Amino acid sequence: MTRVLSPEGSAVLRAVGLTRRYLDGPREVVPFHNLSLELAAGQSLAVIGPSGVGKSTLLHLLGGLDKPTTGQVFIEGQALYELSDAKRTLLRNQKLGFVYQFHHLLEECSALENVAMPLLIRRQPKAEALDRAAQWLSKVGLESRLDHPPSRLSGGERQRVAIARALVNQPSLVLADEPTGNLDRETAERVFELLVTQCQEAQAGLVIVTHDLHFANRCDQRFAMTSHSGSGSSQA
Ligand SMILES: Nc1ncnc2c1ncn2[C@@H]1O[C@H](COP(=O)(O)OP(=O)(O)O)[C@@H](O)[C@H]1O
Ligand SMILES: [Mg+2]
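Note that the structure is predicted; figures quoted are calculated from it, not measured.

### Topic: helix H3 (residues 111-121)
Among all positions of H3, only Ala111, Leu112, Asn114, Val115, Ala116, Pro118 and Leu119 are buried. Its buried side turned inward, H3 meets helix H2 (85-95), helix H4 (126-139) and helix H5 (155-167). With its phi angle positive at about 60°, Arg123 sits one or two positions after the end of H3.

The following block contains the structure:
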């Protein structure tokens, strides 16, 4: 079910008629069928649903990390799956930020180097990249942890670094897959709040997969996935 929120083209994210099929041995798996959604800049969308329903698969498709069996994803009007692999990778680096349940930080790098990495990949001069990274770490309250490797940070601090890394490139859209799933309640609360407010401030769209209905209810929209989503799912 699609609810049109904004004139076509002004949405930061639009997914139209997405279907993904897998062959799992002889068995066909269809996590979702004909799924559509959209999101405006600075808005947040919670994706909820039981384990195994296809939430991560959907996020991979929205982020250009997988290919839909049918359908299309538009990032600021640009059709992701009409691009060559190289151009899609470039768009991902320029317009998207990712936060995962497990931080996926580089263990051998400091917090500062981890946050600077997306800028260095974009070939920004090192001094500038480190400077921007330090500003972001300060925004997420980690100005005293710049030189710490992930192993010397708490779970909540690692997720803060991951949020800074996701936003340092000024992305149009942030995709977060259960970013608080591995944290205690109080830390989860703070990390969720930080992610939502920083995305809003940066006017980035945010899609967040969460099991937590309390968090989902604080997002601007909710997308509930049920088995064979598309027909069964709803955006509200
Ligand atoms: N590469 C793959 N090959 C086969 N099946 C897959 C693949 N990726 C995911 N699936 C299946 O798709 C379904 C949805 O998985 P997933 O998106 O990880 O669910 P969730 O994130 O909601 O827990 C599951 O049944 C999973 O086994
Ligand atoms: Mg998942």
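Alright, that's what it looks like, and here's the rest.
### Details of the layout of surface pockets
Here the largest pocket is characterised by a volume of approximately 470 Å³. Asn93, Phe98, Pro118, Ile121 and Arg165 are the residues nearest the centre of the largest pocket, which is lined by 17 residues in total. The set of elements that each furnish at least two residues to the lining of the largest pocket consists of H2, strand E6 (96-99), H3 and H5. At 4 residues, H3 tops the list of elements feeding residues into the lining of the largest pocket. In terms of residue class, the lining of the largest pocket is built from 9 nonpolar, 6 polar and 2 charged.

### Examining the pairing of strand E4 (residues 70-75)
The pairing of strand E1 (residues 11-24) with E4 spans 5 bridges and is classified as antiparallel. Considered in E4, the bridge of Ala15 is made with Val73. Judged from the 2 bridges that link them, E4 and strand E5 (residues 78-79) form a sheet pairing that is antiparallel. Looking at the pairing, Ile75 lines up with Gln78 of E5. The turn joining E4 and E5, which pair antiparallel and follow one another in sequence, is formed by 2 residues; a positive phi near 45° is taken by Glu76.

Thresholds applied
- Residues numbered from 1 in each chain as written.
- Chains lettered and ligands numbered in written order.
- Predicted model: local features only at pLDDT ≥ 70, side-chain atom pairs only at ≥ 80, totals over all residues.
- Heavy atoms only, no water.
- Buried < 20%, exposed > 50% of the residue type's maximum accessible area, 1.4 Å probe, protein only.
- Helix = DSSP H or I, 4+ residues; strand = E, 2+ residues; numbered from the N terminus.
- Contact = heavy atoms within 4.5 Å.
- 1 Å grid on protein atoms, 1.4 Å probe; cavity = no way out; pocket = protein on both sides within 12 Å on 5 of 7 lines; lining within 4 Å.
- Points joined across faces, edges and corners; volume = space filled by probe spheres on them.
- Nonpolar A, V, L, I, M, F, W, Y, C, P; charged D, E, K, R; others polar.
- Pairing = 2+ DSSP bridges.

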